[in-house]
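Analysis of the macromolecular model
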Amino acid sequence: SDLMENYSFYFGRVLSHSFYPVLQRAIGVGSAFEGWSPREQDVVYRVLIPMTPPRGHSFHLELDSAGQRHVRNFRVRVQLECTCTREQQAEGMLCFLHHPEEELRRNQDPSLLDTLCTGSYLDVHKTARWFHQLVRAIWPALPQSHNWHLVLLPSRRCCQFQVTNSRESFRIEMLFGVRRDDSAIFVCSQTQEAHTASTLWPESYAVAEAEFFKHIAGQAPPDSLHLKCLQFFTRLSLGFGFSTYTIKTIVMHLLNVTPVSSWRRRNLLERLQDISNGLHLCVRAKCLNHFIVGNQRLPQDIRLPADVQTGERYNLFHHLVQEPAAHTQAIYEYRVL
């Protein structure tokens, strides 16, 4: 967290008068920050960095309806805004809309449309390359650079790197995204699909899920084993066809309907049985509802856009409906598990 705080500080300094996206404080997401991890030996610290538009620009999120029903993709349209007001001119900024192109070229850095966009849309690949350059350029200024070694890892849709010293090693994955309204939902660079176009930003529920785990932690008794149960079951299912996200979703549904007081040490076997039964029922019914989308029973403090809160619940097991062989295999794997 010190490393990310230092990076945030330098991001602010380096970008303060630029026309690149404004980077907000990183938000920890995923298992490492939620307090559990399926494999302790190769933990990935995943952070999401919210981006807001620079001076003279605005972001507009457009839903891309061409994608599959189970993945909601957005485009981030970048629009130039008039800055002919006195305050902006006092800062010595020329208006991208109303100053002659020649004057802009001579006296001002290019707009975001000319650097990280393809057409009018923010491009994930260009933004990831820019992040890599930024992380590499700032590293020597950080206190951590004296004792740690930085290695940037290849990635087209995020910025991954490893920091290592003589004793330990950490892998960090920086995702970047744009917040939807004032909610816990982002459109984000990360994707599950192999060939997502570079101007598509999938909707991400990672921040809302991290907030849910924080909410549970605030209510749970000190000896609560809900994270241990989740960790145990995700490790147990490694090598089977059930993804970590499947098990996490089942546990989140259980946490949402079971009193937190019933996850104490004495309840361990019952809760593990609940998780097992939950998986069995979902496999048999070929249905596991997404935890965030369409869930009317989430804690009030997790803010969602209306279309996410009241949206049609989508089935994470939709492939079991479409492929009988996959369903047979899932039933077999559950029995073995």
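Residues numbered from 1 in each chain as written. Predicted model: local features only at pLDDT ≥ 70, side-chain atom pairs only at ≥ 80, totals over all residues. Heavy atoms only, no water.

1. As for the overall build of the chain
Within the chain one finds 13 helices and 12 strands. Along the first, second and third principal axes, the C-alpha atoms of the chain reach 70 × 50 × 35 Å. Evaluated residue by residue, the chain yields a buried proportion of 49% over its 337 residues. Surface exposure of the chain reaches about 17500 Å², of which carbon and sulfur atoms provide 50%. If you average the places of the 35 positive and of the 32 negative side-chain charges in the chain, the two averages end up 5 Å apart. (Helix = DSSP H or I, 4+ residues; strand = E, 2+ residues; numbered from the N terminus. Buried < 20%, exposed > 50% of the residue type's maximum accessible area, 1.4 Å probe, protein only. Areas by Shrake-Rupley, 256 points an atom, 1.4 Å probe, with all protein chains shown as cover. Lys, Arg positive; Asp, Glu negative; His and termini not counted. Charge placed at Lys NZ, Arg CZ, Asp CG, Glu CD.)

2. Some words on the nonpolar core
Core analysis: the biggest nonpolar cluster contains 47 residues, and I275, L279, I292 and L304 have the highest contact counts within it. Counting residues per element, the ones that place at least two in this core are β11 (186-188), α7 (206-219), α8 (226-236), α9 (244-257), α10 (268-285) and α13 (324-336). By size, the runner-up hydrophobic cluster in this structure holds 38 residues, among which are L3, F11, L112 and W148. (Core = buried A, V, L, I, M, F, W, Y, C linked by side-chain atoms within 4.5 Å.)

3. Concerning the domain arrangement of the chain
For the chain, the assigned domains are domain 1 (2-205) and domain 2 (220-336). Put simply, the middle of domain 1 and the middle of domain 2, counted by C-alpha atoms, are 31 Å apart. Taken residue by residue, the interface counts 18 residues in domain 1 and 21 residues in domain 2. For R72, the salt bridge goes to D307, with nearest N and O atoms at 2.6 Å. Counting the contacts that link domain 1 with domain 2 gives 6 residue pairs in polar contact (both at pLDDT 80 or more). Considering only residue class, the side of domain 1 that touches domain 2 consists of 5 nonpolar, 4 polar and 9 charged. (Domains from an automatic or database assignment. Contact = heavy atoms within 4.5 Å. Salt bridge = Lys/Arg side-chain N within 4 Å of Asp/Glu carboxyl O. Polar contact = N/O pair within 3.5 Å; in protein donor to acceptor, adjacent residues only side chain to side chain. Nonpolar A, V, L, I, M, F, W, Y, C, P; charged D, E, K, R; others polar.)

4. So, the environment of H149
Along the chain, H149 falls in strand β8 (residues 149-153). Through-space distance from the C-alpha of H149 to that of T164 is 5.2 Å; in sequence the pair is 15 residues apart.

5. A few points about helix α1 (residues 2-15)
With 14 residues, α1 extends 20 Å between its outermost C-alpha atoms, agreeing within 8% with the 20 Å of an ideal straight helix rising 1.5 Å per residue. When α1 is considered as a whole, its buried residues turn out to be L3, M4, Y7, S8, F11 and L15. Down the axis of α1, the buried set is contained in an arc of 135 degrees. They therefore lie on one face. The exposed residues of α1 that point more than 90 degrees off its buried face are D2 and R13. For α1, the elements touching its buried residues are β1 (22-23), β3 (44-52), α6 (124-138), β8, β9 (159-164) and β10 (169-179). (Expected span 1.5 Å × (residues − 1). Arc of directions from axis to C-beta.)

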